[in-house]
Amino acid sequence: MKEIVGMWRSTKMCALTALTAAVYAAVLIPFKPIPIIPGFTEIRPASVLPVVCSLLFGPAAAWGAAFGNIVGDLFGTLGPGSLFGFVGNFLYGLLPYKLWRALGGSTSLRSGRDLAVLALVCWTSSVACGVTIGWGVDLLGFVPFGALGNIIWVNNFLVSMVLGPVLLRLLWRRAERWGLLYTQIVEGVGRPRTWVLGLVLLVLGTVGGLVLGNAISLGVYKAVPFAFGKGVTGGLGIGLGLVPFVALTFAGAVLL
Amino acid sequence: MFLYQDKVSFLHRMHPSAKLVGLVLAFCHPLLSSDPLYLSSSLGLALAVGALGRCLGNYLRMRKFLIPLFIASVLLWALFRRVGEPLLMLGPLSVSSESLSYGLAMGLRITSLLLFGVAFLSTTRIEELTAGLEAVGVPFKAGFVLSLAVRLLPTFAATGSEIVQAQRARGHDPFSGGPLARLRKAVPLVAPILLYALRKTDQLSVALEARGFGSPDRRPYLTYRFGLRDALALGVSAMVLVLSWRLRP
């Protein structure tokens, strides 16, 4: 986890952070995104960038995705929700390289195992991002979790699975040749000893958050054994009910 | 591309950190209550702030975005919030007069919050934002990277548009077909932008280091002074917030 803070000592990693953020925000513009919930989300090909950049640039992509989201908000959508957007996108850029490192994915991306690992990486990161942003935005009373949380994770997962493998095959070798992979820039980025516990906590946090968030949001919470999540969406139901799962997700990200 | 308007106004002259703190205080106002009448006062306050910053024109520019957002927020909350006697049932979702009232309140809340944000962005340059962030404790490098990303954005956006035009000239239309087909067509557009960014990385890091990036001895060109006007503005904002909190329904 120390590479998240330590990377700021490297000028190259700072440059990669700024470039990731700028590209993330810029790719949205020429694509004329298709709005799903006007003003909140749309089908956006840019969602593949945090995953691809994370596998290449590691922690720089996590900060880059978070700043890129803020840069996007500077065009008129700056609000308290930007804070949750920052955190959600940070996780979306942080988890792919941590999971990939933990699960031992290879750079060729040709085998079925690599694609399965990539699918797991994309799914977990997308859900972590969707749950965090959906939770925060519901807590603030902007949009119900059941609407936004699901749209974010489905959009992120679909886009990163369709575009991710192709872009990674195109870019990985080049980035390696140019010495831009995070493993070539930052020292001490091996798999930590706590990765199994981290993975378990992360999966519990993301799956639990997604299931409980939808259960509360759609009014079926009485059918699930989470009494602390009792309430209605827009009240403190989602806000309090999802706190343990969001905390588990963060704990998992730290330990991975 | 950006919302900033080069004008002379009270908000334009405020210290960046005072504007940032003021923005946080303004964001608190609509979050204090879920009553539609109270939230109408938040909207009124946002309009007053817009007049103070001479940026009501930008509010108007944002209407094509804010009106659909308001409608979406009202409808979604009306469907998802389950309170009161249902007037209409749609599977697990229902609409009641209470949920409609809550939806209206949330629509007003999000509109007010975004208008406060627009007022801030219309009166604050990106270098002021960076200085303000540093003044409130954000590390210099983080603020600098944010500012650098904003500066690089037009370059990448222009590159993106050029790539789209070039691909179109070759007969590749990225905007035709269903959502999945359009997604697949994004590869020949996203890949060149990413490669362009990769090529820029080395140049950028050398340029940054040549200018002393990361050196502990920093001598910024721009300096801002926190004055009496800033203190008064923050005091009034805090008083409005406390009063609103005490009088809220």
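Rules of the game
Residues numbered from 1 in each chain as written. Chains lettered and ligands numbered in written order. Predicted model: local features only at pLDDT ≥ 70, side-chain atom pairs only at ≥ 80, totals over all residues. Heavy atoms only, no water. Contact = heavy atoms within 4.5 Å. Buried area = accessible area lost by both parts, 1.4 Å probe. Salt bridge = Lys/Arg side-chain N within 4 Å of Asp/Glu carboxyl O. Polar contact = N/O pair within 3.5 Å; in protein donor to acceptor, adjacent residues only side chain to side chain. Helix = DSSP H or I, 4+ residues; strand = E, 2+ residues; numbered from the N terminus. Nonpolar A, V, L, I, M, F, W, Y, C, P; charged D, E, K, R; others polar. Phe/Tyr/Trp six-rings, centres within 6.5 Å; stacked < 30°, edge-to-face > 60°. Buried < 20%, exposed > 50% of the residue type's maximum accessible area, 1.4 Å probe, protein only. Domains from an automatic or database assignment. Core = buried A, V, L, I, M, F, W, Y, C linked by side-chain atoms within 4.5 Å.

(A) Fine view of the interface of chain A and chain B. Taken together, the 71 residues of chain A in the interface contact 70 residues of chain B. Of the roughly 6000 Å² buried between chain A and chain B on both sides combined, carbon and sulfur atoms contribute 82%. For the interface between chain A and chain B, the tally reads 1 salt bridge. With a shortest N-O distance of 3.3 Å, Asp202 of chain B and Lys12 of chain A are connected by a salt bridge. At the surface where chain A touches chain B, the tally comes to 6 residue pairs in polar contact (both at pLDDT 80 or more). Contributing elements (two or more residues each) for the side of chain A that touches chain B: helix H2 (11-28), strand S1 (34-37), helix H3 (48-57), helix H4 (59-73), helix H6 (112-140), helix H7 (145-177) and helix H9 (195-217) of chain A. If you tally residues by element for the side of chain A that touches chain B, the top one is H2 of chain A, at 14 residues. The residue makeup of the side of chain A that touches chain B, split by class, is 52 nonpolar, 13 polar and 6 charged.

(B) The packing of aromatic side chains, seen in detail. Considering all chains together, one arrives at 15 aromatic pairs over all chains under this definition. Geometrically, the ring pair formed by Trp8 of chain A and Trp63 of chain A is edge-to-face, given 5.5 Å between the ring centres and 65 degrees between the ring planes. Taken together, the positions of Trp8 of chain A in the loop between helix H1 (2-6) and H2 and Trp63 of chain A in helix H4 put the pair 55 residues apart, joining distant regions of the chain. Measuring from ring centre to ring centre gives 5.8 Å for Phe140 of chain B and Phe144 of chain B, while their planes differ by 35 degrees; the resulting arrangement is tilted. Of the two residues, Phe140 of chain B and Phe144 of chain B both sit in helix H8 (residues 140-169), 4 residues apart, roughly one turn of that helix. Judged by its relative accessible area of 25%, Phe140 of chain B falls in the partly exposed class. Through a chain of ring-to-ring contacts, three or more aromatic side chains come together here, namely Trp8, Trp63, Phe67, Phe86 and Phe90 of chain A.

(C) Highlighting the domain arrangement of chain B. On domain assignment, one finds that chain B holds domain 1 (10-124 + 226-247) and domain 2 (139-210). Taking the mean C-alpha position of each, domain 1 of chain B and domain 2 of chain B sit 33 Å from one another.

(D) Highlighting the pattern of salt bridges. Under the criterion given, the structure shown has 7 salt bridges over all chains. The salt bridge involving Arg101 of chain A is made with Glu3 of chain A; its shortest N-O contact spans 3.3 Å. Of this pair, Arg101 of chain A sits in helix H5 (residues 81-103) while Glu3 of chain A sits in helix H1, and the two are 98 residues apart along the sequence. Taken individually, Arg101 of chain A and Glu3 of chain A each receive the classification buried, so the pair is uniform in this respect. A single salt-bridge network, built from bridges that share partners, covers Asp6, Arg125, Glu127 and Arg151 of chain B.

(E) Focus on the nonpolar core. The biggest cluster of nonpolar side chains holds 142 residues, and the ones touching the most others in it are Leu49 and Leu56 of chain A together with Phe156 of chain B. The biggest single contributor to this core is H2 of chain A, with 13 residues. Among residues more than four places away in sequence, those in contact with Leu56 of chain A are Leu168, Leu171, Trp172, Ala175, Leu180, Leu181 and Tyr182 of chain A. With 7 residues, the next largest nonpolar core counts Tyr38, Leu39, Trp77 and Tyr102 of chain B among its residues.

(F) Expanded view of the environment of Ala247 of chain A. All names here are of chain A. Considering the arrangement of structural elements, one finds Ala247 in helix H11 (residues 243-255). Using a relative accessible area of 44% as the deciding quantity, one classes Ala247 as partly exposed. For the pair Ala247 and Trp195, spaced 52 residues apart in the sequence, the C-alpha separation amounts to 17 Å.

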